[in-house]
Amino acid sequence: MGDPLERLGSDAAAGLESTMKEELCMEIDPPFRENIATAEDWRKALNKVVPAVVVLRTTAARAFDTEAAGASYATGFVVDKRRGIILTNRHVVKPGPVVAEAMFVNREEIPVHPIYRDPVHDFGFFRYDPDAIQFLSYEEIPLAPEAACVGLEIRVVGNDSGEKVSILAGTLARLDRDAPHYKKDGYNDFNTFYLQAASGTKGGSSGSPVIDWQGRAVALNAGSKSSTASAFFLPLERVVRALKLLQKGRDAVVNRWGAITIPRGTLQVTFVHKGFDETRRLGLQSETQQMVRHASPPGETGMLVVDSVVPGGPAHKHLEPGDILIRINGEFLKMEILLDDRVDQKIDLQIERGGTSLNVELIVQDLHSITPDYFLEVSGAVIHPLSYQQARNFRFHCGVVYVTEPGYMLFRAGVPRHAIIKKFAGEEISRLDDLIAVLSKLSRGARVPLEYISYMDRHRRKSVLVTVDRHEWYAPPQIYKRDDSTGLWTAKPALPPQSPLLASNYSFAPPTVLSGGTCESSPTPMERIHHGNNQDLTDGVTYMDTNYESDVGSKRRKVEEESSSDGTVIADSSLHEPTEENSRPTANANLIDYKGSPAAAANASLAERVIEPTLVMLEVHVPPSCMIDGVHSQHFFGTGVIVYHSQSMGLVAVDKNTVAISVSDVMLSFAAFPVEIPGEVVFLHPVHNFALVAYDPSGLGAVGASAVRAAQLLPEPGLCRGDAVYLVGLSRSLQATSRKSVVTNPCAALNIGSADCPRYRATNMEVIELDTDFGSTFSGVLTDEQGRVQAIWGSFSTQLKYGGSASEDHQFVRGIPVYAISQVLEKISCGTDGPALLINGIKRSMPLVRILEVELYPTLLSKARSFGLSDDWVQALVKKDPTRRQVLRVKGCLAGSKAENLLEQGDMVLAIDKEPITCFRDIEDACQALDKHGGVDELTMTIFRQGREMELVVGTDVRAGNGTARVINWCGSIVQDPHPAVRALGFLPEEGHGVYVARWCHGSPAHRYGLYALQWIVEINGNPTPDLDHFVNVTKELEHGEFVRVRTVHLNGKPRVLTLKQDLHYWPMWELRFDPDTAIWRRRTIKELDSLQYLRIF
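Residues numbered from 1 in each chain as written. Predicted model: local features only at pLDDT ≥ 70, side-chain atom pairs only at ≥ 80, totals over all residues. Heavy atoms only, no water.

Turning to the overall build of the protein, a few remarks are in order. Of the regular secondary structure elements, the protein holds 22 helices and 67 strands. In the protein, which comprises 1098 residues, the share counted as buried stands at 59%. Sequence-distant contacts in the protein: of pairs separated by 6 or more residues, those separated by 24 or more amount to 68%. For the protein, the computed accessible surface area is about 44,000 Å², with 50% contributed by carbon and sulfur atoms. (Helix = DSSP H or I, 4+ residues; strand = E, 2+ residues; numbered from the N terminus. Buried < 20%, exposed > 50% of the residue type's maximum accessible area, 1.4 Å probe, protein only. Contact = heavy atoms within 4.5 Å. Areas by Shrake-Rupley, 256 points an atom, 1.4 Å probe, with all protein chains shown as cover.)

Another point: the side chain of Arg1008. Note that Arg1008 resides in helix 20 (residues 1005-1009). When its relative accessible area of 10% is taken as the criterion, Arg1008 is described as buried. Sequence-distant contacts of Arg1008, that is, excluding residues within four places in its chain, are made with Arg57, Thr59, Ala71, Val99, Ala100 and Glu101.

On to the sheet that holds strand 1 (residues 53-60), then. With antiparallel pairing, the six strands of this closed barrel are ordered in space as 1-2-3-6-5-4. Averaged over all neighbouring strand pairs, the angle between strand axes comes to 40 degrees, with direction disregarded. Note that strand 2 (residues 70-80) and strand 3 (residues 85-88) share three bridges and pair antiparallel. Paired with Val78 across the strands is Ile86, a residue of strand 3. Running at roughly 35 degrees to strand 6 (residues 124-127), helix 5 (residues 237-251) makes contact with strand 2, strand 3, strand 5 (109-117) and strand 6 of the sheet. (Pairing = 2+ DSSP bridges. Axes fitted to C-alpha atoms, helices over the stretch in contact; angles between N-to-C directions.)

This brings us to the nonpolar core. Counting 88 residues, the largest nonpolar core has Leu668 and Phe670 as its most contacted members. By residue number, the principal contributor to this core is helix 15 (residues 819-830), which donates six residues. Discounting residues that sit within four places of it in the chain, Leu668 has contacts with Val616, Met617, Leu618, Val652, Val675, Glu676, Ile677, Gly679, Val693 and Tyr695. Counting 53 residues, the second largest nonpolar core, distinct from the first, contains Phe123, Phe126, Ile211 and Trp257. (Core = buried A, V, L, I, M, F, W, Y, C linked by side-chain atoms within 4.5 Å.)

Strand pairing within a sheet occurs via backbone hydrogen bonds; the two strands may be parallel or antiparallel. Strand order in this closed barrel of six strands is 36-37-38-41-40-39, and the pairing throughout is antiparallel. Direction aside, the axes of adjacent strands within the sheet are offset by 40 degrees on average. Bridging between strand 39 (residues 665-670) and strand 40 (residues 676-684) involves four bridges; their strand directions are antiparallel. Paired with Val666 across the bridge in strand 40 is Gly679.

Within the structure shown, the criterion is met by 61 salt bridges. The residue Arg43 makes a salt bridge to Glu40 at a minimum N-O spacing of 2.3 Å. Within this pair, Arg43 and its partner Glu40 are both found in helix 3 (residues 39-49), separated by three residues, close to a single helical turn. The class for Arg43 is partly exposed, based on a relative accessible area of 42%. A relative accessible area of 35% places Glu40 in the partly exposed class. (Salt bridge = Lys/Arg side-chain N within 4 Å of Asp/Glu carboxyl O.)

Glancing now at the packing of aromatic side chains. Inspection of every chain in the model, using the stated rule, returns 23 aromatic pairs. Pairing Tyr116 with Phe123 gives two aromatic rings, centres 6.1 Å apart and planes at 45 degrees, and the pair type is tilted. We note that Tyr116, like Phe123, is buried. Measuring from centroid to centroid gives 5.6 Å for Trp970 and Phe1031, while their planes differ by 85 degrees, and the two rings are edge-to-face. One end of the pair, Trp970, is in strand 59 (residues 966-970); the other, Phe1031, is in helix 21 (residues 1028-1035), with 61 residues separating them in the sequence. Here the aromatic cluster, defined as three or more aromatic residues joined through ring pairs, consists of Phe64, Phe375, Tyr480 and Trp489. Directly above the ring of Phe637 sits Arg732, whose terminal nitrogen or CZ lies 4.0 Å from the centroid. (Phe/Tyr/Trp six-rings, centres within 6.5 Å; stacked < 30°, edge-to-face > 60°. Lys NZ or Arg CZ within 6 Å of the ring centre and 35° of its normal.)

Here helix 11 (residues 432-439) lies mainly inside the structure; six of its eight residues are buried. Burial in helix 11 covers these residues: Leu432, Asp434, Leu435, Ile436, Val438 and Leu439. Summarising the contacts, the buried residues of helix 11 are in contact with strand 20 (374-378), strand 21 (381-385), strand 22 (401-405), strand 23 (420-424), strand 24 (427-428) and strand 27 (478-483).

A separate point is helix 7 (residues 286-295). For helix 7, every residue scored as buried is listed here: Thr288, Gln289 and Val292. The arc that holds the buried residues of helix 7, viewed along the axis, is 100 degrees, so those residues lie on one side. Opposite the packed face of helix 7, turned more than 90 degrees from it, sit the exposed residues Glu287, Gln290 and His294. Along its buried surface, helix 7 packs onto helix 6 (276-281), strand 15 (302-309) and strand 17 (346-353). (Arc of directions from axis to C-beta.)

Let us look at the packing of helix 15 against helix 18 (residues 920-933). Packed helices, taken two at a time, are described by their axes: the angle between them and the distance between them. Contact geometry of helix 15 with helix 18 gives a least axis separation of 13 Å together with a crossing angle of 10 degrees. Viewed along their axes, helix 15 and helix 18 adopt a mutual orientation that is roughly parallel. Across the interface between the two elements, Tyr819, Gln823 and Lys827 from helix 15 touch Arg921, Glu924, Asp925, Gln928 and Asp931 from helix 18. Of the residues assigned to the contact of helix 15 with helix 18, the class counts are one nonpolar, two polar and five charged. (Parallel < 35°, antiparallel > 145°, perpendicular 65-115°, else oblique. Nonpolar A, V, L, I, M, F, W, Y, C, P; charged D, E, K, R; others polar.)

Before going further, it helps to spend a moment on the environment of Gly961. Within the secondary structure, Gly961 sits in the loop between strand 58 (957-960) and strand 59. Under the relative-accessibility criterion, Gly961 is labelled buried at 7%. Here the alpha-carbon distance between Gly961 and Pro835, two residues 126 residues apart in the chain, equals 9.4 Å. Setting aside residues no more than four positions away along its own chain, Gly961 makes contact with Val682, Phe683, Leu684 and Pro847.

Let us now look at the pairing of strand 11 (residues 217-225). In terms of burial, strand 11 is largely enclosed, as nine of its nine residues are buried. Examined bridge by bridge, strand 10 (residues 209-211) and strand 11 share three bridges and lie antiparallel to one another. Within strand 11, the position partnered with Val210 by the bridge is Ala219. Taken together, the five bridges between strand 11 and strand 12 (residues 230-234) define a ladder with antiparallel strand orientation. Within strand 12, the residue paired with Ser224 across the bridge is Ala231.

As a further point, take the pairing of strand 59. The buried count for strand 59 comes to five of five residues, which makes it a mostly enclosed element. Side-chain alternation along strand 59 places Arg966, Ile968 and Trp970 on one buried face and Val967 and Asn969 on a second face that is also buried. Summarising the sheet, strand 59 and strand 66 (residues 1069-1075) pair through four bridges and their orientation is antiparallel. Bridging across to strand 66, Arg966 finds its partner in Arg1073. Where strand 59 and strand 60 (residues 973-976) come together, three bridges link them in antiparallel fashion. Along strand 60, the bridge assignment pairs Ile968 with Val975.

This paragraph deals with the confidence of the model for the protein. Looking at the protein, the pLDDT average stands at 85 and 85% of residues meet or exceed 70. Counting interchain partners and residues more than four positions distant, the pLDDT-below-50 stretch residues 1-34 has 64 contacts. (pLDDT = per-residue confidence, 0-100.)

As for its placement among the helices and strands, Tyr695 is situated in strand 41 (residues 691-695). Sequence spacing of Tyr695 and Leu651 is 44 residues, and the spatial spacing of their C-alpha atoms is 6.5 Å.

Across residues other than glycine, the phi torsion is negative in most instances, and most of the peptide bonds are trans. The linkage connecting Glu716 with the following residue, Pro717, adopts the cis geometry, with an omega of -5 degrees. Note that Pro717 resides in the loop between strand 42 (712-713) and strand 43 (724-730). In this structure, Asn1021 is a non-glycine residue whose phi angle is positive, near 55 degrees. Asn1021 sits in the partly exposed class, given a relative accessible area of 26%. Positive phi values are uncommon outside glycine, yet Ala1079 reaches one of about 60 degrees.

What follows is the structure, encoded as structure tokens:
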């Protein structure tokens, strides 16, 4: 295992004399011949051993029990050639789903399947087909546990530090070392001695044979301590027993492996070996010590003492820490033989507790009965009964419901790894079946309370609110069960077919608060279970489903913009909506008198009082399975402002560092009214740093709808240097905060470099800077004295590099003028022919944005003159904009854009249609003018290139505001079309645009074979994959277990070819696509391994 966290154990055998050990080992196996072994002897032994040692490439497909999902290398060796059995460590075989291959010394590779992993000790077995090895002559390595003795020269043969074959020499120094302790919340061996030598093994050598000069395995390499170069070896006595039972079980079945049971007994007690002096201090009577010394083998130095007892086990309330075991003395091996032979039978123990002799009768428990062999997978979470290993670590009862991996749904609620679920939806949870029964009653979007405890804070229950996924981010809940005859874990649906969670048709309604603190929706085809009173939760991530009617899908609603004489845009103006929705909600006297908002504070400024009812705190979660477009986190917070609010729809504007992608769950908390409702991302501006999030006003209730209103936007006139503004924002506690400030620079051009993993970055934007630093996290709006919004004080993301290649994510805040938001609202109001999107049950046309896909940056005219720009153009640009005194230059074109092969880096943009261009907005206005003319999509641009003035006709591109709407998961790699941040690098593969690998999943074939992110897949088995449709057509023809040749091109342009083995059993191919007709992200399985294919394979 080689974990650097390994800690030395207690003072076991601290007083052993080396001479005594020599006498003991001479009785076992005289070491005289070993001491005179020659180099030729070792050469012959190694020639026999090395061919039987294999490199194991293992992939844990799911986190389970003590092991996380992931891929790793280790070592094993053949112990039965005829039957095809390989011995290695338990932490290599894994307690959960594993896919593994063995590579022999001649590089022949074969699949191997687990047949046994010991519940306690660090050994396990793989099986393979002996007939699959065609070109190598090898022999099995015999096991000789009796040959181990102090002073024995050994060789550790294995895959050390990733090397295929490594041979390390050493000498056995101890046979009675305490079992190594690797970590407090993971796998640890116990109730056994270990062997120790200073061989200095490292990662990858787990499972290596420890051989003597005769080529016999005397121990199994398990772990090491890097600080002292010490290696720890597992004795082989119990390994030999298990191997014999496996061989017997295999011979009992013809032509195939069956499920073989190896009896293992336990008292759920951890014993440690302590010296006689220590046991005497613990209360051991002198007479007892003399009796034990007389009855023990020569050289015995101590006795077994109870270290810990697992609650609820056979020994609970019968044995206590410090109890000294009298009746069974000496090595742990003798006790294990007794326990394994008496499973489900009674056993009598004689102990001494504080000098008092006691007799205890216990029932030996079946160790396999408290070792889980199934788990529930729901929303990416892995949940199963608590194993004996973790029950011992955490001191909980075996079998309680344990969270190995929280996944997405539980992570949103704040449930950590290693949590024990105690209550769910008001029902006590003691077994996994209880949890499944509750899940079967829930519908998508339901909110239910959950109580859990953790080993870090075991005496207090924590309460959170869990929101069932409304979108189909993950497959329906499944139960995985271990099949020992095949070595695979087979999946089956966890919920009955009639479960509301499996319903494909959604009908959402706003929740109604009922008496008794229970929330449920108004009558719908699906049952909802909510909890309405738990507002003070650790992580307020809750959902309320929005409402829509199926018969209004063809209706369209338009936003009508009202402009006052001073150019103010009133964003909450009336809409062209269905007649029955035109009237605004009326509030009765009680609603008008609502005083819940703190905006009435006497010392608040007018701007704060006006703007506070429009502010919203957004909390955004991104599912790990859908982290696309380079999004750099799963959890975001930020302040937004309501820019539209009516009876049927509300719109919130927020920066794109808070709402980065549309594949996310958004929760809105309003400053004006204490309520939290879900929102849906409906628009992501392709250039500007803002997004629009829609919400259903009916979710606010009558009181909330009357308290919330939209802000009044003031796009014109723009802010100027020296203007006084009010910065108003929200704290995390939803308290409004405002401060007066002064504009120092109203047109600061941004220059944000590309991140290591390309993601959205603001380009071609001018932002507003203030004279006061308000920190890097506080966001809100900039208003005038009357509370009219002139800019969003939004967050921007960047990366700072600190020497070498190290970089760190950083964010800063600046003012974003609202003119772009006003333009989008205007397009919504005009009902342009954009893509239709269902929002709160009504289909609406969302705007398209015409842009010039070119990244520009400003250069001072003084610098431009040095490049040869004529005085006439300098004067014309100064006349057009005497403030900026700049010219725009081309930094690069987006790959695949219409401007890509026309404009070049360094070009100066002088004019469009003979009109001088001095800022980014001039280009935006020119693009929008094309839409008004109709049928024209090209700009006539005057540019200055290398001392020459020229005119070019450059095409523009039209982009929607829905972001990436399609994602494919193939072999654990998350694949999408190249997003704008990738195309902004100016490069796409020559073989076609290809499909872009955005992420990869731990424990997947992509992880195992190195199909990592930041590269394009351009070919599969020689077939081009220029886009997602071609990619799907090619990959859906591939079969389970088939090796695939994948050609990729990295972002740096470097091509690569790799092979990958498709695994449809644990990693079926699926697609996630946004459905605008239902406003739901839907998951579709493209190809999976069905039951008939599974039976044919095995």
